[in-house]
Amino acid sequence: MDNTKRIDVLIKACKKFYEYEKNFILVIGGNGPELKYFKQLAKKYKLEKNIFFTGFIPEKDKLDYLKWPDLFISIDWADYTITTIEALALGTKCLVSKEREVTDEIIQTGLIHFTNPNANETFKQIVKVAKINVSLNHKDLKNIFKDYTWSTYCKNIFS
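Analysis parameters
- Residues numbered from 1 in each chain as written.
- Predicted model: local features only at pLDDT ≥ 70, side-chain atom pairs only at ≥ 80, totals over all residues.
- Heavy atoms only, no water.
- Pairing = 2+ DSSP bridges.
- Helix = DSSP H or I, 4+ residues; strand = E, 2+ residues; numbered from the N terminus.
- Axes fitted to C-alpha atoms, helices over the stretch in contact; angles between N-to-C directions.
- Parallel < 35°, antiparallel > 145°, perpendicular 65-115°, else oblique.
- Left-handed = near helix turned anticlockwise from the far one by under 90°.
- Contact = heavy atoms within 4.5 Å.
- Nonpolar A, V, L, I, M, F, W, Y, C, P; charged D, E, K, R; others polar.
- Core = buried A, V, L, I, M, F, W, Y, C linked by side-chain atoms within 4.5 Å.
- Buried < 20%, exposed > 50% of the residue type's maximum accessible area, 1.4 Å probe, protein only.
- Salt bridge = Lys/Arg side-chain N within 4 Å of Asp/Glu carboxyl O.

**Thoughts on the sheet that holds strand E5 (residues 112-115)**
The strand order across the open sheet built from three strands is E3-E4-E5, with neighbouring strands paired in parallel fashion. Each edge of the open sheet is held by one strand with a lone partner, namely strand E3 (72-74) and E5. Going from strand to strand, the sheet's axes swing by 20° on average, the running direction of each strand aside. Judged from the four bridges that link them, strand E4 (residues 94-97) and E5 form a sheet pairing that is parallel. What sits directly across from valine 96, in E5, is phenylalanine 114.

Written out as structure tokens, the structure reads:
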């Protein structure tokens, strides 16, 4: 966890969301140099009962963490993150930074939504996206995300 992940922005958005909906849980996975600061920020906003820091998530457990949430949020500066693609492939709705480049095919699934990476807009998008129901069957998801595997990615690099 570092400032490029914008976890502080997400925690501030959750402070606003708490005024709207008190019954929510945000799970933040990972370790890093700013973990202590993020925990202090959650405590400062009295969100310790809503925000949980899991630390490092082992690869064997990662898909469970990506499948069960109502919404996966990644408003970091990265232009491509495999974790978001994995969440989408599992059928999990995702909220990402507008800076993220995403293909039209993925946008058309209705699973991915965008926000300006600031607390106010992120809060508004969380409220909006939480109300959206999307359901794609496993076969459709597999077909849509077949080109987003590590093996396809590596083949493209080699060619």
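Back to the write-up after that little detour.
**What about the packing of helix H1 (residues 7-20) against helix H6 (residues 119-130)?**
It is at 8 Å that the axes of H1 and H6 come closest, and there the two elements cross at 55°. Classified by the angle their axes make, H1 and H6 are oblique. Two packed elements cross with a definite hand, and for H1 against H6 that hand is right-handed. Packed against H1, whose contacting residues are Val9, Leu10, Lys12, Ala13, Lys16, Phe17 and Tyr20, the element H6 presents Ala119, Asn120, Thr122, Phe123, Ile126 and Val127 at the interface. Grouping the amino acids of the contact of H1 with H6 by side-chain chemistry returns nine nonpolar, two polar and two charged.

**Some details on the nonpolar core**
Judged by nonpolar contacts, the single largest core of 27 residues is most densely connected at Ile11, Ile28, Ile51 and Phe53. Among the secondary structure elements, those contributing two or more residues to this core are H1, strand E1 (26-29), helix H2 (35-44), strand E2 (51-55) and H6. Sorting elements by how many residues they give to this core places H1 first, with seven residues. Counting residues in each nonpolar core, the second largest holds 15 residues, with Ala87, Ile106, Ile112 and Tyr148 among its members.

**Quick look at the side chain of threonine 122**
In this structure, threonine 122 sits in helix H6. Classification of threonine 122 as buried rests on a relative accessible area of 0%. If sequence neighbours within four positions are ignored, threonine 122 has contacts with Val9, Leu10, Ala13, Ile75, Leu95, Thr115, Asn116 and Pro117.

**Things to note about the pattern of salt bridges**
Enumeration over the complete set of coordinates arrives at seven salt bridges. Residue glutamate 99 is joined to arginine 6 by a salt bridge in which the shortest nitrogen-to-oxygen separation is 2.7 Å. Of the two residues, glutamate 99 is situated in the loop between E4 and helix H5 (104-107) and arginine 6 in the segment before H1; the sequence distance between them amounts to 93 residues. Salt-bridge contacts for aspartate 61 lead to lysine 60; the nearest nitrogen and oxygen are separated by 3.3 Å.

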